[in-house]
Amino acid sequence: MERSGQCVCGSVRYICVGEPERVTICHCLWCQRRTGTAFGAEVVFQEQNVSFSGLAPASYRHTSDESGRWLEVYFCPRCGSNLGFTLEAVPGVRTVPAGTFDDAAFLNTKHVKFRHVFARTRREWSELTSEVEVYERHFRPQWRKSAA
Ligand SMILES: [Zn+2]
Ligand SMILES: [Zn+2]
């Protein structure tokens, strides 16, 4: 089984071979900052099962203030899209961001194990509840290209 994906601008493409071990939804403050949103959603593969083509991803090594170990984050050198990370703590593993696959339909809870971590810093507004406004699309109709 091969699954492909890419960054926003398409300069970096990747192929993942085989099934992922799991999807980790990480609510830690580091993931909130690196993604700019409420949590990271990373698909966990063995490192040798992920290959890149096109532009080589740029990387940045961060030392965790939680564990003191490094995490190497990868991103497109052109558009800056998140392209996952490798970890000192778990050698041989590489994450691929769930939102970057060409077809992410295989990432469903029936097929893959999902795990939420660092829930202690989960943002209460990241859950769809009756307390927050929810729209299927943008709330401004004029933001839609067509009526489709
Ligand atoms: Zn890009
Ligand atoms: Zn995290």
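Before any of the text, the structure's been laid out above.
Report follows, based on the coordinates.

Notes on the overall build of the chain
Next, step 1: Across its full length, the chain carries 1 helix and 10 strands.
Next, step 2: Of the regular secondary structure in the chain, the N- to C-terminal order runs β-β-β-α-β-β-β-β-β-β-β.
Next, step 3: The dimensions of the chain, computed from C-alpha atoms along their principal axes, are 45 × 35 × 35 Å.
Next, step 4: Counting every position in the chain, which comprises 148 residues, the buried fraction comes to 32%.
Next, step 5: With the model as given, the accessible surface of the chain reaches about 9600 Å², and the carbon-plus-sulfur share is 51%.

Some thoughts on the coordination of the zinc ion (ligand 2)
Next, step 1: Within the protein, the zinc ion (ligand 2) binds to Cys-26 (SG), Cys-28 (SG) and Cys-31 (SG); these donor distances fall in the range 2.1 to 2.3 Å.
Next, step 2: Considered as a linear motif, the donors of the zinc ion (ligand 2) on their single chain read C-x1-C-x2-C.

Quick look at the layout of surface pockets
Think of a ball as big as a water molecule: rolled over the atoms, this probe shows where empty space is left.
Next, step 1: Its boundaries defined by the atoms lining it, the largest pocket holds a volume of some 730 Å³.
Next, step 2: Lining the largest pocket are 29 residues, and of these Cys-26, Cys-28, Leu-71, Leu-87 and Phe-118 lie nearest its centre.
Next, step 3: Of all the elements in the fold, those that place two or more residues in the lining of the largest pocket are β3 (22–26), α1 (29–35), β4 (40–46), β7 (70–75), β8 (82–87), β9 (93–97) and β10 (114–117).
Next, step 4: Tallied by class, residues from the lining of the largest pocket come to 15 nonpolar, 7 polar and 7 charged.

Quick word on the coordination of the zinc ion (ligand 1)
Next, step 1: The protein atoms that coordinate the zinc ion (ligand 1) are Cys-7 (SG), Cys-9 (SG), Cys-76 (SG) and Cys-79 (SG), at distances spanning 2.3 to 2.4 Å.
Next, step 2: Here the zinc ion (ligand 1) is ringed by 4 donor atoms whose angles at the metal span 107 to 113°, and the overall shape comes out tetrahedral.
Next, step 3: Read from N- to C-terminus, the donor residues coordinating the zinc ion (ligand 1) fall into the pattern C-x1-C-x66-C-x2-C. Of this pair, Cys-7 sits in the loop between β1 (2–6) and β2 (12–17) while Cys-76 sits in the loop between β7 and β8, placing them 69 residues apart in sequence.
Next, step 4: When its relative accessible area of 3% is taken as the criterion, Cys-7 is described as buried.
Next, step 5: The exposure class of Cys-76 is buried, given its relative accessible area of 1%.

A word on the sheet that holds β2
Next, step 1: Overall, antiparallel pairing links the 3 strands, which are arranged β1-β2-β5 in an open sheet. Each of the sheet's edge strands pairs with one partner strand only, and the pair in question is β1 and β5 (50–54). Taken pair by pair, the neighbouring strands of this sheet meet at an average axis angle of 20°, ignoring direction.
Next, step 2: As defined by bridge partners, β2 adjoins β5 across 5 bridges and the pair is classed as antiparallel. Counterpart to Arg-13 in the pairing with β5 is Ser-53.

So, the environment of Thr-109
Next, step 1: With respect to the helices and strands, the residue Thr-109 is situated in the loop between β9 and β10.
Next, step 2: Distance from Thr-109 to Val-23, taken between C-alpha atoms, is 9.2 Å for residues 86 residues apart in sequence.

Things to note about the packing of aromatic side chains
Next, step 1: This model, assessed by the stated rule, comprises 6 aromatic pairs.
Next, step 2: Where Phe-45 meets Phe-101, the ring centres are 6.5 Å apart and the plane angle is 40°; that geometry is what we call tilted. Of this pair, Phe-45 sits in strand β4 while Phe-101 sits in the loop between β9 and β10, placing them 56 residues apart in sequence. Pair check on accessibility: Phe-45 and Phe-101 agree, each one buried.

Each value, and the rule that gives it
All residue numbers refer to position in the chain's written sequence, counted from 1. As a convention, the first chain written is A and the first ligand written is 1, with the rest following in written order. Where local features are concerned, this predicted model is filtered to residues with pLDDT of at least 70; where side-chain atom pairs are given and counted, the filter is 80 or more; whole-chain, interface and lining totals use all residues. Hydrogens and water are ignored here; the side-chain numbers use all heavy atoms of the structure. Counting from the N terminus, the helices are DSSP H or I runs at least four residues long and the strands are E runs at least two residues long. Relative accessible area decides the class of each residue, using a 1.4 Å probe on protein chains only: under 20% of the type maximum gives buried, over 50% gives exposed, and in between gives partly exposed. Here the open area of atoms and residues is found with the Shrake-Rupley method and a 1.4 Å probe, where only the protein chains shown may cover a residue. With water excluded from the atoms, a metal site may look incomplete; its donors are any N, O or S atoms within 2.8 Å, or within 3.2 Å for Na, K and Ca. Using protein atoms alone on a 1 Å grid, points that fit a 1.4 Å probe yet trap it form a cavity, whereas open point sets bounded by protein on both sides within 12 Å along at least five of seven lines form a pocket; residues with an atom within 4 Å of a point count as lining. Grid points are joined across faces, edges and corners, and a volume is the space filled by probe spheres set on the points. Each residue gets one label: Ala, Val, Leu, Ile, Met, Phe, Trp, Tyr, Cys and Pro are nonpolar, Asp, Glu, Lys and Arg are charged, and the others, such as Gly, are polar. Just to be clear on the cut-offs, tetrahedral is four donors with all angles between 85 and 135 degrees, square planar is four donors and octahedral six with opposite donors over 155 degrees apart and all others between 65 and 115, and anything else goes down as irregular. Here, any two strands with at least 2 DSSP bridges between them count as paired. All axes are obtained by fitting lines to C-alpha atoms, using only the stretch in contact for helices, and the reported angles, taken between N-to-C directions, cover 0 to 180 degrees. Between 30 and 60 degrees the pair is tilted, below 30 it is stacked and above 60 it is edge-to-face, where a pair is any two Phe, Tyr or Trp rings, Trp via its six-membered ring, whose centres lie within 6.5 Å.

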